[in-house]
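# Observations on chain architecture
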Amino acid sequence: DTAVSQTPKYLVTQMGNDKSIKCEQNLGHDTMYWYKQDSKKFLKIMFSYNNKELIINETVPNRFSPKSPDKAHLNLHINSLELGDSAVYFCASRGGGRAPSTDTQYFGPGTRLTVL
Amino acid sequence: GESVGLHLPTLSVQEGDNSIINCAYSNSASDYFIWYKQESGKGPQFIIDIRSNMDKRQGQRVTVLLNKTVKHLSLQIAATQPGDSAVYFCAEKIGGGAQKLVFGQGTRLTINP
């Protein structure tokens, strides 16, 4: 019973292309996040949505556009991919549902994006 | 500023020994802290958390200690096992409504047989 799932797990693409990563959570959570983990393992928040509304945007280039069709899904679309976008992208969710604590964030397995 | 740092980037211990991973945070207003374990190729996995009204919290083989005076957090793992080998992150919660977690850089724990 997967809690937070992401697709694809691996994504290899050329510079300049547009790609999307999808995330779904079945925890009944209200808030979802996108994080970027660089090659040095540093995790940094990018976006957060609460009930389909954008509540955090951490000065991410506008080539990155999150979209939340409903509170169980948060997708990330990236336009004009650059070499520096290569990283592992994690989706996370928190709040409500069956979580023991509404502050605890639960992470997906990650999507490794490689831009050539 | 917003930063959560770790004192040691790598830690190597013998199987069966106890390990302690340390973390310093900078925001004295943070009221929630959390430890994650990340195994190779996987997402961060929740281990244990603690609120600022507590000094210590215990789980199964893990204990988190919080010293608000010096803004220090530690994770103790008892009787380490090979499966404990991973990168461990501490994080502090920033903000109330639109809250976010600020992560430290991570400590790679290696358990030697």
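Scroll up for the structure.
An account of the accompanying structure is given in this report. (Residues numbered from 1 in each chain as written. Chains lettered and ligands numbered in written order. Predicted model: local features only at pLDDT ≥ 70, side-chain atom pairs only at ≥ 80, totals over all residues. Heavy atoms only, no water.)

### So, the pairing of strand S4 (residues 31–37) of chain A
Residue and element names in this part refer to chain A.
- When you tally the buried positions in S4, you get six out of seven residues, the bulk of the element.
- In terms of strand pairing, S4 meets strand S5 (residues 43–50) through seven bridges, oriented antiparallel. Looking at S5, one finds that Tyr33 is bridged to Ser48.
- Between S4 and the antiparallel strand that follows it, S5, lie five residues; Lys41 among them carries a positive phi value of about 75°. (Buried < 20%, exposed > 50% of the residue type's maximum accessible area, 1.4 Å probe, protein only. Helix = DSSP H or I, 4+ residues; strand = E, 2+ residues; numbered from the N terminus. Pairing = 2+ DSSP bridges.)

### Considerations on the pairing of strand S6 (residues 53–57) of chain A
Residues and elements named next belong to chain A.
- In the sheet, S5 pairs with S6 via four bridges, with the strands oriented antiparallel. Its bridge partner being in S6, Asn50 is matched across the sheet by Glu53.
- In sequence, S5 turns back onto S6 through a hairpin of two residues, with Asn51 there showing a positive phi of about 50°.

### Details of the layout of surface pockets
- Here the largest pocket defines a volume of roughly 290 Å³.
- What lines the largest pocket is a set of 18 residues, among which Gln37(A), Lys41(A), Val88(A), Arg112(A) and Gly41(B) lie closest to the centre.
- When contributions to the lining of the largest pocket are tallied by element, the ones reaching two or more residues are strand S9 (87–94) and strand S11 (111–115) of chain A.
- At three residues, the largest contribution of residues to the lining of the largest pocket is made by S9(A).
- Tallied by class, residues from the lining of the largest pocket come to five nonpolar, eight polar and five charged.
- The calculated volume of the second largest pocket comes to roughly 250 Å³.
- Lining the second largest pocket are 14 residues, with Phe107(A), Gly43(B), Pro44(B), Gln45(B) and Phe46(B) positioned closest to its centre. (1 Å grid on protein atoms, 1.4 Å probe; cavity = no way out; pocket = protein on both sides within 12 Å on 5 of 7 lines; lining within 4 Å. Points joined across faces, edges and corners; volume = space filled by probe spheres on them. Nonpolar A, V, L, I, M, F, W, Y, C, P; charged D, E, K, R; others polar.)

Keep in mind these numbers describe shape, not what the thing actually does.
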